[in-house]
Amino acid sequence: MEFNELLRYLIDCEEIKIKDLAPKLCLSASTLSNYTQGIREPDYDTLRRIADYFGVSIDYLLGHKSPVTDDERQLLALFRSFTPSQRRLLLEQAELLTHYKIKLDD
């Protein structure tokens, strides 16, 4: 996938509008729209802001690595929304699953 397609995919996954996302990335809506259409390409600082916002690497944005799965993205989004105590509890549960090699049905 090209950068513009990956960016469009990430925006669609977040279910956010370009006009709402652009200020969060310190961009104008028209500039962000140009990125999604493949008319323009971002500079390094903008790539870093985009990667940080979506929780992906710059390599991923440039098409050099396989994307994280939707489950991984969802898990990360949930984790980030938790309070510190909820995060600790989730990590403890994950460690238990790993430690006891608990098998769950798919």
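Reading the values: rules and limits
- Residues numbered from 1 in each chain as written.
- Predicted model: local features only at pLDDT ≥ 70, side-chain atom pairs only at ≥ 80, totals over all residues.
- Heavy atoms only, no water.
- Salt bridge = Lys/Arg side-chain N within 4 Å of Asp/Glu carboxyl O.
- Helix = DSSP H or I, 4+ residues; strand = E, 2+ residues; numbered from the N terminus.
- Buried < 20%, exposed > 50% of the residue type's maximum accessible area, 1.4 Å probe, protein only.
- Expected span 1.5 Å × (residues − 1).
- Arc of directions from axis to C-beta.

## Considerations on the pattern of salt bridges
Applying the stated rule across the entire model yields two salt bridges. Measuring nitrogen to oxygen at the nearest pair gives 2.8 Å for the salt bridge that ties R48 to D45. Placement of the pair is R48 and D45 together in helix α4 (residues 44–54), with a separation of three residues, close to one helical turn. A relative accessible area of 37% means that R48 is categorised as partly exposed.

## What to know about helix α1 (residues 3–14)
The terminal C-alpha atoms of α1 lie 17 Å apart, and with twelve residues this matches the ideal 16 Å at 1.5 Å per residue to within 8%. Burial in α1 covers these residues: F3, N4, L6, L7, L10 and I11. End-on, the buried residues of α1 take up no more than an arc of 165 degrees, which puts them together on one face. Of the residues trailing α1, E15 is marked for its positive phi of about 55 degrees.

## A few points about unusual backbone geometry
Positive phi is not limited to glycine here, since E15 has a value of about 55 degrees. Residue E15 is classed as exposed on the basis of its relative accessible area of 75%. Phi angles above zero are rare outside glycine, and C26 is one such case at about 60 degrees. Of note, C26 is situated in the loop between α2 (18–24) and α3 (29–37). Of the residues examined, C26 reaches a relative accessible area of 61% and is grouped as exposed.

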